[in-house]
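# Examining the three-dimensional arrangement
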Amino acid sequence: MTDPATPEGAALRAAFLNHLRLGRGKHEHNATAYDRYLALARTVRDRIAARWIETHWGYHLADPKRVYYLSAEFLLGRSLRNNFQSVGLLDEARSALREMGIDFAELEEIEPDAGLGNGGLGRLAACFLDSLATLGYPAYGYGIRYEFGIFEQRFESGWQVERPDEWLRFGNPWEIVRPEYTVPVGFGGHTEESVDATGRWRVRWVPAVRVLGVPYDTPIAGHDLRTVNTLRLWSARASEEFDLDVFNQGDYVKAVEEKTASEVIAKVLYPSDSTWAGRELRLKQQYFFVACAISDIVRRYRQDHADFARFADKAAIQLNDTHPAVAVAELMRVLLDEHGLGWDEAWDITQRTFGYTNHTLLAEALERWPVALFERLLPRHLQIIYEINARFLRLVLNRWPNDPDRAARMSLIEEGPERKVRMAHLATVGSHKVNGVAALHSALLARDVLHDFAEMYPGRFTNKTNGVTPRRWLLSCNPRLAELLTECIGPGWETDLDRLERFAPFADDSTVRARVRSIKRANKADLAAWLAREHRFAVDPDARFDVQIKRIHEYKRQLLNALHVVALYLRAKRDPQAPRTPQVFLFGGKAAPAYRQAKVIIRFINAVAEVIKLAPQLGRDAVILVNLSGRGDKDLDTVMREA
Ligand code: D6G
């Protein structure tokens, strides 16, 4: 072990060894890679924690307007490198470890993916958290701490098979449980109506069961660590009262069974993508995290405010798609039933507080919950939704008195053999802004799917084009290019992407063009080395790479891409002498387990890959469908054993 080159390096090394010894009970000579990963994670978390406390103390003192991002999915991925990047110690950490004979990259590979999302919607949520913290907004993410994230993918005879993703099995060094903020969440039961002492009509919901929401906080460090915000994810626990009841009747096994039944709520992320999976447990999940979030938001607001007059000035709640849309009814319930506000005041606050982001125009993806299910799980919320609807339809009929079809189209309730609650309509009516996620999408939303609403509330409809955080998706994942950019245009583009325009003139600079080419070549060589190591698949880094990585779906047209490969193959077979650029087609994507057609597409791509591998005339061409769990065919246990 050599001495670290800088005081910062020495401090990192001391902190790391401390965590190894005191946190893991290990000497550096018998520590496993897993011990080292945990010790390193704690080392960087310490740096973040100090700013985390200061940031939140600052919020507490200033009482600013806070942004609350409610999302059923947060696809964070790995955090180790990102966090070192944010605290500005990535290079220091790498060299401090190198001096101890430890490879940072190897420890990075130990971290499981926080795969609490399916795809774009969940990654958008994660990118927003990064950007909000970087821009210094007082922002919170609220979601579910799924015990099993998006399934692990394997291939057997070319077919996708799914394995549960037990990402929490070995602990999660980033989160901190905060039992002091536990929230009881009701389900089922009935409502009771009465007149209170002031002569006011009151409704009280008496749930049949209560589940406890226990929050786990993860710090979200902005770039340069000026702000550290919080992602608060809720885990489900059986409530003691609920447990004890059965237990006292002497049936221990049944008590444990019931405990498991209520804890199942936060077990698993539904792996659907772009089609809507309507399962009772899913509605329970939605209400569970929404009830926890609203309760937490109201508690925080009430610390500084005696009444609700300023609530909408202090809280902006954004609904990431309709998964959290029941929040509209929940905030109304809390304001009406728990705090005794009148309808008009409560509704005004609710509308001013919520914003709704729509993610899809596909009819089969729009959530519609059966009224009967709502009635059974959330009887009070159904009453409130009916009342919102009655008042809303009165406005519609006032404005278009001779157009009953319009009222039927706009109703929050879809009539038919099975009546359903249209969650997109609830979210639209309950919000002051509705946005799509691309200019074309937003235009079509206002033109087709929510046309009647856009006509009624033209100012409500806006566009917010999705983006990604350039910290993760350029600075962190393409360090060579990031360095060249900084060299050419100076620092600052990481937080102000418009500055990349300054790179345009370098298109005329042949030295810079050569650098860009060699960076691309080096990155391709890295990818080729990874494919060889993790997937035992050799590709030529000088071939042209054509990469399509996203959930497998008919509308995403992986099939068309694969058929293109087949066409190229047939052409090469017919005329082997014709000049060709060698190409590597790389596919990556998971199919929803129940989506038969998508699974057949996976089987097809794997079959094409096999054929091309065996075609002698296509020596340097390749097709590969990468198993997206990122560990080749190894499961987490094998990876841990090797670590
Ligand atoms: C985060 C950071 C921690 C802070 C806590 C406050 O976990 O330092 O004490 O948030 O939570 P609220 O009281 O705002 O819910």
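As a reminder, the structure under discussion sits directly above these lines.
Let us look at the structure shown here. (Residues numbered from 1 in each chain as written. Predicted model: local features only at pLDDT ≥ 70, side-chain atom pairs only at ≥ 80, totals over all residues. Heavy atoms only, no water.)

### A short note on the pattern of salt bridges
This is how the line gets drawn: Each reported salt bridge corresponds to a side-chain nitrogen of Lys or Arg within 4 Å of a carboxyl oxygen of Asp or Glu. Only runs of H or I of at least four residues qualify as helices and only runs of E of at least two qualify as strands under DSSP, and these elements are numbered from the N terminus. Buried means the residue's accessible area, taken with a 1.4 Å probe over protein chains only, is under 20% of the maximum for its type, while exposed means over 50%, and partly exposed covers the values in between.
Within this structure, the stated rule accounts for 45 salt bridges. A salt bridge links Arg81 to Glu108, with the nearest nitrogen and oxygen atoms 2.7 Å apart. Residue Arg81 is located in helix H3 (residues 80-87), and its partner Glu108 is located in helix H5 (residues 104-108); the two are separated by 27 residues in the primary sequence. You can call Glu108 buried: its relative accessible area is 11%. Asp448 is the salt-bridge partner of Arg447, the closest N and O atoms lying 3.1 Å from each other. Taking the relative accessible area as the measure of exposure, Asp448 reaches 42% and is therefore partly exposed. Through salt bridges with shared partners, a single ionic network connects Arg178, Asp217, Arg232, Asp296, Arg299 and Arg300.

### So, the environment of Ala363
Relative to the assigned elements, Ala363 resides in the loop between strand S14 (354-357) and strand S15 (368-370). Between the alpha carbons of Ala363 and Asp540 there is a distance of 43 Å; along the sequence they are 177 residues apart.

### Notes on the nonpolar core
Operational definition: Throughout, nonpolar core names a set of buried Ala, Val, Leu, Ile, Met, Phe, Trp, Tyr and Cys residues whose side chains join them through atoms within 4.5 Å. We call two residues contacting when some pair of their heavy atoms lies within 4.5 Å.
Within the largest apolar cluster, 102 residues are counted, with the highest numbers of intra-cluster contacts made by Leu70, Phe288 and Phe374. Per element, the largest residue contribution to this core is 12 residues, and it comes from helix H9 (residues 280-302). Excluding residues within four positions of it along the chain, Phe374 makes contact with Leu283, Val326, Trp369, Pro379, His381, Leu382, Ile385, Val421 and Met423. Ala39, Leu89, Ala93 and Val228 belong to the second-largest nonpolar core, a separate cluster that totals 31 residues.

### Considering the packing of aromatic side chains
Rule in force here: Stacked, tilted and edge-to-face pairs are distinguished by plane angle, under 30 degrees for stacked and over 60 for edge-to-face with tilted covering the rest, among Phe, Tyr and Trp rings (Trp via its six-membered ring) whose centres lie within 6.5 Å. Whether a charge sits over a ring depends on NZ of Lys or CZ of Arg being within 6 Å of the ring centre and within 35 degrees of the ring normal.
Under the defined criterion, the tally for this structure stands at 15 aromatic pairs. Considering the side-chain rings of Tyr69 and Phe128, the 5.5 Å spacing of their centres and the 65° angle between planes classify their relative orientation as edge-to-face. Of this pair, Tyr69 sits in strand S1 (residues 66-70) while Phe128 sits in helix H6 (residues 120-134), and the two are 59 residues apart along the sequence. Arranged with centres 6.3 Å apart and planes meeting at 20°, the rings of Tyr142 and Trp234 form a pair that is stacked. Of this pair, Tyr142 sits in strand S4 (residues 139-144) while Trp234 sits in strand S12 (residues 228-238), and the two are 92 residues apart along the sequence. Tyr142 gets classed as buried once you look at its relative accessible area, which sits at 0%. An aromatic cluster of three or more residues is present, and its members are Tyr59, Tyr68, Tyr140, Tyr142 and Trp234. The ring of Trp52 carries Arg178 above its face, with NZ or CZ at 5.4 Å from the centroid. The ring of Tyr457 has Arg460 sitting right over it, with the charged end atom 3.6 Å from the ring centre.

### Considering the pairing of strand S11 (residues 209-221)
What counts is decided by this rule: A pair of strands is labelled paired if DSSP reports no fewer than 2 bridges between them.
By the criterion of burial, S11 is predominantly enclosed, with 10 of the 13 residues buried. For strand S7 (residues 176-177) and S11, the ladder comprises 2 bridges, and the chain directions are antiparallel. For Ile176, the partnering residue across the bridge sits in S11 and is Asp217. As judged from the 5 bridges shared by strand S8 (residues 183-187) and S11, these two strands associate in the antiparallel manner. Along S11, the bridge assignment pairs Val185 with Val211.

### Thoughts on the sheet that holds strand S16 (residues 413-414)
Across the sheet, 3 strands lie side by side as S15-S17-S16; this open sheet has antiparallel pairing. In the strand order of this sheet, the two ends are held by S15 and S16, each with one partner. Strand direction decides the pairing type here: S16 and strand S17 (residues 420-422), joined by 2 bridges, are antiparallel. Bridge pairing in S17 links Ile413 to Val421.

### Concerning the site of the ligand
Test applied: For this purpose, a residue is taken to be near a molecule or strand whenever a single non-hydrogen atom of the residue falls within 4 Å of it. What qualifies as a polar contact is a pair of N or O atoms within 3.5 Å, subject to a donor-acceptor requirement within protein and to the restriction that residues adjacent in sequence count only when both atoms come from side chains. For every accessible area listed, the method is Shrake-Rupley and the probe measures 1.4 Å; residues are considered covered only by the protein chains on display.
Looking at the ligand, the residues that line it are Trp52, Ile53, His56, Arg178, Tyr181, Asp217, Thr230, Arg232, Arg299 and Arg300. With respect to the ligand, the side chain of Arg232 contributes an N or O atom lying 2.7 Å from an oxygen atom. The side chain of Arg299 places a nitrogen or oxygen atom 2.7 Å from an oxygen atom of the ligand. Notes on the ligand: free accessible area 380 Å², of which the protein chains cover 81%. For the shell around the ligand, the elements supplying multiple residues, two or more each, are helix H2 (33-62), S12 and H9. In terms of residue count, H2 provides more of the shell around the ligand than any other element does, 3 residues in total.

These results come straight from atomic positions and should not be treated as a statement about function.
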